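What follows is each chain in one-letter form.
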Amino acid sequence: MRQSSLVVVANRLPIDDSTTPDGACEWRRSPGGLVSALHSPLRQTPATWVGWAGGTGPAPALPDVDGVRMHTVPLTADDLRDHYEGFANATLWPLYHDAVEQPEHHRRWWEAYQRVNQRFAAAAAEVAEPGAVVWVQDYHLQLVPGLLRALRPDLRIGFFLHVAFPPPELFMQLPRRAELLRGMLGADLVGFQRAQAAHNFAQLADRVLGLPATDHRIAVDGRIVRVGSFPVSIDTTEMTALVERPDVADRASRLRRDLGSPEHVILSVDRMDYTKGIEQRLKAYSELIADGHVKVRDTVLVQVAVPSRERVGQYQILRERVEREVGRINGEFGRVGEPAIHYLTQPFDRAELAALYRIADVMAVTPLRDGMNLVAKEYVAARVDDTGALLLSEFAGAAAELPQAYLVNPHDLEGLKQGLLAALRARPEQVRERMQAMRTHLRQHDIHAWARSYLSALDQDSTLLSRLGTT
Ligand code: ADP
Ligand code: F6P
């Protein structure tokens, strides 16, 4: 087995097996923010990515992706049901997102979570060279840092949570809260998207485990674990290069024409997830049409909602409700050749997404809770001419960094409607000023800066114990 000095461990590999309509297996980029975030900084580094390739059955042997070695961890049908769909996405995911849907607790799911975390830890231990850095990602694998440390105490271990981390009142509901915290504390550095999340974690370590934090450091079993916030970002250079490509400009012009050359295009791009506030947004939009504030003739909404976690009950219900509502709005307000909402559920390649960002006069990103939301940042990076208004939920991590967006509370329907109108009617100078400020921030805080800041903080850990005099 070849070993690496840098190992990334994530539930998903950057490519997954998507079966085509004719039954053939096709390798495609995996959905979601985690892959978008890690793809660029890892490109051409001598790293190994340990993860699941989608599907069940034996682990396929995959070629390197952009110079990064793929090490596949297999999941059985039971693992998929009880670990991925169960504990990860029907217990932790709703709980971490303000319990906007009811989290479920089943002992069988917890057993699967432990079993799968153990498998990932063993795989990471196998491919990490002596003294390597292992960077564990996200809520599916919270036990891995602790399990890996037991197997390989020589490693430097980081953990980063891409999603929101809840306040103690919510986290305390978890029957296995102590084990989850202990698992994360197996890392040398525990990173979150926001300072508030890091604070929540430190409070919980104290309350549940009796391990108080001093100056973002927690002493555990004779080690020091550091806790911090590292807001994830995007590859702004890559997005800028993409939108400036002539073929993307052509696609954008064609798209606008195909939409009937409207005065305003509003765009939303989400995974089909109940945390994304899709239903609330559709309601606000349909009320604006019904009230006569928005005319379907000159304004169109493009809603991209790529299906996600399709076997989880709450996701199936959401998709049915969204599709019913889109049908109702189009039936009520659309005209022949002029739907009120252009609804698309397909995955797009990066160039097509860039073309969509290029034509969006208003980008509506209104999740009920989101760890960060990279779509909001991608839109800002794509607006190379400083035009375009970003309507952004206060409950997205990105709001802390992009206060110049039109900020809204998506739970407040009237506020959401007013925010959308304000973004649609904003004066060009005002839009430009806001966009310039957001673009300046993003240029300085791109994905490479994020990876550098996390990994250099993780590296410092070797000197931490001596500096603090703790053994
Ligand atoms: P999450 O991680 O919850 O899915 P983010 O907004 O942080 O949310 O990240 C979503 C990522 O997935 C972005 O990089 C976005 O460009 C990408 N994405 C979203 N919808 C699509 C789609 N239909 N096709 C391709 N990529 C998509
Ligand atoms: O960002 C949250 C997250 O769960 C990531 O881990 C993942 O990239 C994305 O959402 C997509 O989710 P899934 O891996 O369940 O398709």
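Because the structure is predicted, anything quoted here is derived from the model rather than measured.

Some details on the site of ligand 2
Piece 1. The environment of ligand 2 is made up of Arg12, Pro31, Gly32, Gly33, Leu34, Val35, Asp138, His162, Val163, Ser308 and Arg309.
Piece 2. Per-element accounting of the shell around ligand 2 gives the leading share, three residues, to helix 1 (residues 33-42).

A short note on the domain arrangement of the protein chain
Piece 1. Each domain of the protein chain was delimited in the assignment, giving domain 1 (4-232 + 448-468) and domain 2 (236-444).
Piece 2. For domain 1 and domain 2, the distance between their C-alpha centroids amounts to 30 Å.
Piece 3. Contacts between domain 1 and domain 2 engage 21 residues on the former and 21 residues on the latter.
Piece 4. Counting only elements with at least two residues in the side of domain 1 that touches domain 2, the list comes to helix 1 and helix 2 (77-96).
Piece 5. The element contributing the most residues to the side of domain 1 that touches domain 2 is helix 1, with four residues.
Piece 6. Here the residues of the side of domain 1 that touches domain 2 sort into nine nonpolar, eight polar and four charged.

Quick notes on the environment of threonine 240
Piece 1. The residue threonine 240 is located in helix 8 (residues 236-243) in this model.
Piece 2. Between the alpha carbons of threonine 240 and glycine 67 there is a distance of 23 Å; along the sequence they are 173 residues apart.
Piece 3. Those residues in contact with threonine 240 that lie beyond four places of it in its chain are Ala381 and Val384.

Observations regarding the sheet that holds strand 1 (residues 4-12)
Piece 1. In space, the nine strands of this open sheet follow the order 5-4-1-6-7-8-11-10-9, with mixed pairing throughout. The open sheet is flanked by strand 5 (69-72) and strand 9 (213-214), the only strands paired with a single partner.
Piece 2. Where helix 4 (residues 144-151) meets the sheet, it contacts strand 1, strand 6 (128-137) and strand 7 (156-160), and its direction lies at approximately 170° from that of strand 7.

Parameters and conventions
- Residues numbered from 1 in each chain as written.
- Chains lettered and ligands numbered in written order.
- Predicted model: local features only at pLDDT ≥ 70, side-chain atom pairs only at ≥ 80, totals over all residues.
- Near = placed C-beta within 6 Å.
- Helix = DSSP H or I, 4+ residues; strand = E, 2+ residues; numbered from the N terminus.
- Domains from an automatic or database assignment.
- Contact = placed C-beta atoms within 7 Å.
- Nonpolar A, V, L, I, M, F, W, Y, C, P; charged D, E, K, R; others polar.
- Pairing = 2+ DSSP bridges.
- Axes fitted to C-alpha atoms, helices over the stretch in contact; angles between N-to-C directions.

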